[in-house]
Amino acid sequence: MNSWQPLLFAVFVGCGGDVKNSLVYDAALVRAGVPVEMHLFERGGHAFGLRRTSEPITAWPRLVEAWLAELGATSAAMNR
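Residues numbered from 1 in each chain as written. Predicted model: local features only at pLDDT ≥ 70, side-chain atom pairs only at ≥ 80, totals over all residues. Heavy atoms only, no water.

Draft legend 1. Broad picture of helix α1 (residues 20-31). Taking 1.5 Å per residue as the helical rise, α1 with its twelve residues ought to reach 16 Å, and the 17 Å between its terminal C-alpha atoms agrees with that figure. Of the positions making up α1, those classed as buried are Ser22, Asp26, Ala28 and Leu29. With its buried residues spanning 160 degrees around the axis, α1 presents them on a single face. Exposed positions of α1 whose direction lies more than 90 degrees from the buried face are Lys20 and Arg31. Elements in contact with the buried residues of α1: β1 (8-13) and β2 (36-41). Immediately beyond the C-terminal end of α1, within one or two residues, lies Gly33, with a positive phi of roughly 80 degrees. (Helix = DSSP H or I, 4+ residues; strand = E, 2+ residues; numbered from the N terminus. Expected span 1.5 Å × (residues − 1). Buried < 20%, exposed > 50% of the residue type's maximum accessible area, 1.4 Å probe, protein only. Arc of directions from axis to C-beta. Contact = heavy atoms within 4.5 Å.)

Draft legend 2. Region of interest: the packing of aromatic side chains. Here the structure, examined in full by the defined rule, presents one aromatic pair. Between the aromatic rings of Phe9 and Trp67, the centroid separation amounts to 5.7 Å while the plane-to-plane angle is 45 degrees, which identifies the pairing as tilted. You can see Phe9 sitting in strand β1 and its partner Trp67 sitting in helix α2 (residues 60-70), a full 58 residues away along the chain. Both residues of the pair, Phe9 and Trp67, count as buried. (Phe/Tyr/Trp six-rings, centres within 6.5 Å; stacked < 30°, edge-to-face > 60°.)

Structure, rendered in C-alpha cells:
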C-alpha cells in the first residue's frame, strides 16, 4: 500500500459476519495517505447495487456523491 493507490469509496455489508479485514484495509489506506471513505452496513444483502430497498444501504449512491463533491470531483464542484 502506498500513496499512489487511487482514492477509494468502499461499501461493505457485514450481515452478521466479520468485518475485520475491511477495517484492516481501511487502516492501511489511511496510513498510506490514500483518500478513503468507508461505510459499513449491518444489512443489505449480496449484490445490493443501485436498486432501492428498505435497507439503509440504499443511501450509498448519495454518500459517494457527497464524498466526491467534498473532494471537488463532481461536475458541479468543478464548474464553481
